[in-house]
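The chain contents come next:
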Amino acid sequence: MSSPVSRRSFLCSMGAAAASIPVLTESHFAWAAQQTGAAPAKQPSQMQMMKQMMASMPKDAVLINANENPLGPCEAARTAIAEVAAKGGRYDFLEMFSLMEVFGKQNGVEPDYVAVYAGSSEPLHYSVLKYTGPDKPLVTANPTYEAAQRAAAIAGAKTITKELTSTYSHDVKALAAAAPNAGVIYLCNPNNPTGTITSREDILWLLDNKPKETMLLVDEAYIHLSDAKSVVDQVNTRKDIIILRTFSKIYGMAGIRAGLAVAHPEVLKKLTECGENAMAVTSSIAARVSLEDKDLVPARKKYIGEARTETLKFLTDCGYKVIPGSQSNCFMIDTGRNGRQVMAAMAQKKVIIGRTWPIWPNVVRISVGTKEDMAKFRTAFKEVMDTPVKADLEQMERIAVPVHFS
């Protein structure tokens, strides 16, 4: 069995400089988007900026900006973490292998087709770093999760974007035809930020019709929140597809950090050239017992779905324009005004919402929180939208969350 364990740091082929670039996650993009106002003359350190931002955040703020799961880890995971803490002085590779075996058995793949990481952001970055370059562009949708584009820039690769279809799914024909020399096609399903689905049939068509040497990177971070059908089975017969999974979303482990890459063992071995640490024993055991909790996924899917549906009904009943079709823990609203102004005005009401994308500057993404969170969101959002735009501008000038991420 090919091991997912490596020495502490193997440098990628682009050299040591790339190894020093931080792996950015959803939390980085979400909190960086909260910055408004002019940048300070003297840039503080990233740690200082994060500390200032968190210190300025009201303790009772509603945080629905980073696609987190406020329900947190399940009871079995919390218990397992507490019980295994005493073993934290040692590396526990057996627990890590156990996680791989449980996931493999549940998903019809051999354990050596599974590699564990501290979240799915690392294998996302590594996949792009290894398979793109100056002559191998990244192809992706617009809008979608930005991390792949950041990694492509580090690799010196051009990014080619294609707009979503009229139903907000990925335009697989446009993605397939975008570049004959594409290194990676990145497809997030359900898509972040729209929460919309691309069918398994369309993804399989893309897999069969993309350029032969192109790697298809399918990010299934949100798949358990939806009715979408996974394509994880495709790794059994192909070496040109990588599937990403995370425990940050439906499993409520964003702060614990656990994720997986699923691919042919030869592909996974190539990713380890970028570096890989041993999995934290607390993360490994929490992830494994979460997989073994048969009630967790359906219960969480139902709860988050109800909170999302209730809020979307309110918004449409009030006449607000919502991007339709979300099956995830986020959705998007076309506010009809500058989205960052709306974010700033909502922050004044202690409701922190998530960001805009350049292609849709008036559209804001909302993460689904608890039902209580969403009730507060609905009240605050209506108040903001009933306020003249001029007041929004004044509020925006008063807010300056000092966060910068390179």
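Residues numbered from 1 in each chain as written. Predicted model: local features only at pLDDT ≥ 70, side-chain atom pairs only at ≥ 80, totals over all residues. Heavy atoms only, no water.

Student: Sorry if this is basic, but what is going on with the sheet that holds strand β4 (residues 159–163) here?
Tutor: Two pairing modes exist for strands in a sheet, parallel and antiparallel, and in both the strands are linked by backbone hydrogen bonds. Taking strand neighbours across the sheet as the criterion, the seven strands line up as β2-β8-β7-β6-β5-β3-β4 in an open arrangement whose pairing is mixed. Only two strands of the sheet have a single neighbouring strand rather than two, namely β2 (114–117) and β4. Across the sheet, the mean angle separating the axes of adjacent strands is 25 degrees when strand polarity is ignored. Relative to strand β8 (residues 259–262), β2 runs antiparallel, the two sharing four bridges. Across the sheet, V116 pairs through a bridge with L260, a residue of β8. (Pairing = 2+ DSSP bridges. Helix = DSSP H or I, 4+ residues; strand = E, 2+ residues; numbered from the N terminus. Axes fitted to C-alpha atoms, helices over the stretch in contact; angles between N-to-C directions.)

Student: How should the pattern of salt bridges be read in this particular structure?
Tutor: Two side chains bearing opposite charge may form a pair once their charged atoms approach each other closely. Considering all chains together, one arrives at 20 salt bridges under this definition. Two residues, K350 and D60, come together in a salt bridge whose shortest N-O distance is 3.1 Å. Of this pair, K350 sits in the loop between α13 (339–348) and β11 (351–353) while D60 sits in the loop between α3 (46–56) and β1 (62–64); the two residues are 290 residues apart in sequence, bridging distant segments of the chain. Taking the relative accessible area as the measure of exposure, K350 reaches 37% and is therefore partly exposed. D60 gets classed as partly exposed once you look at its relative accessible area, which sits at 47%. The partner of K349 in a salt bridge is E383, with the nearest N and O atoms 3.1 Å apart. With K349 in the loop between α13 and β11 and E383 in helix α14 (residues 371–385), this pair connects stretches of sequence that are 34 residues apart. Judged by its relative accessible area of 34%, K349 falls in the partly exposed class. Among the charged side chains, a network of salt bridges with common partners joins D208, K210, R238 and D240. (Salt bridge = Lys/Arg side-chain N within 4 Å of Asp/Glu carboxyl O. Buried < 20%, exposed > 50% of the residue type's maximum accessible area, 1.4 Å probe, protein only.)

Student: Teacher, can you tell me more about the side chain of D240 here?
Tutor: Looking at the secondary structure, you find D240 in the loop between β6 (215–219) and β7 (241–246). Side chain to side chain, D240 and K210 meet in a polar contact 2.8 Å long. Apart from the residues lying within four places of it in its own chain, the contact partners of D240 are L207, K210, K212, T214, M215 and L216. (Polar contact = N/O pair within 3.5 Å; in protein donor to acceptor, adjacent residues only side chain to side chain. Contact = heavy atoms within 4.5 Å.)

Student: Sorry, what's going on with the nonpolar core here?
Tutor: Where a protein is soluble and globular, its nonpolar side chains tend to be buried together. Ranked by size, the top nonpolar core spans 77 residues in total, and within it I353 and F377 carry the most contacts. Other than its neighbours up to four places away in sequence, F377 contacts I64, T311, L315, I333, M346, V351, I353 and I366. Counting 28 residues, the second largest nonpolar core, distinct from the first, contains Y126, A148, A261 and L268. (Core = buried A, V, L, I, M, F, W, Y, C linked by side-chain atoms within 4.5 Å.)

Student: Teacher, can you tell me more about the packing of helix α12 (residues 296–317) against α14 here?
Tutor: Two measures define how a pair of helices packs: the angle their axes make with one another and the distance between the axes. Put simply, α12 and α14 touch, their axes get as near as 10 Å, and they point 15 degrees apart. One finds that α12 runs roughly parallel with respect to α14. In terms of crossing hand, the pair formed by α12 and α14 is right-handed. Together, Y303, E306, A307, E310, T311, F314 and L315 of α12 and K371, E372, M374, F377, R378, F381 and K382 of α14 make up the contact between the two elements. The residue makeup of the contact of α12 with α14, split by class, is seven nonpolar, one polar and six charged. (Parallel < 35°, antiparallel > 145°, perpendicular 65-115°, else oblique. Left-handed = near helix turned anticlockwise from the far one by under 90°. Nonpolar A, V, L, I, M, F, W, Y, C, P; charged D, E, K, R; others polar.)

In short, shape yes, function no, at least from these values alone.
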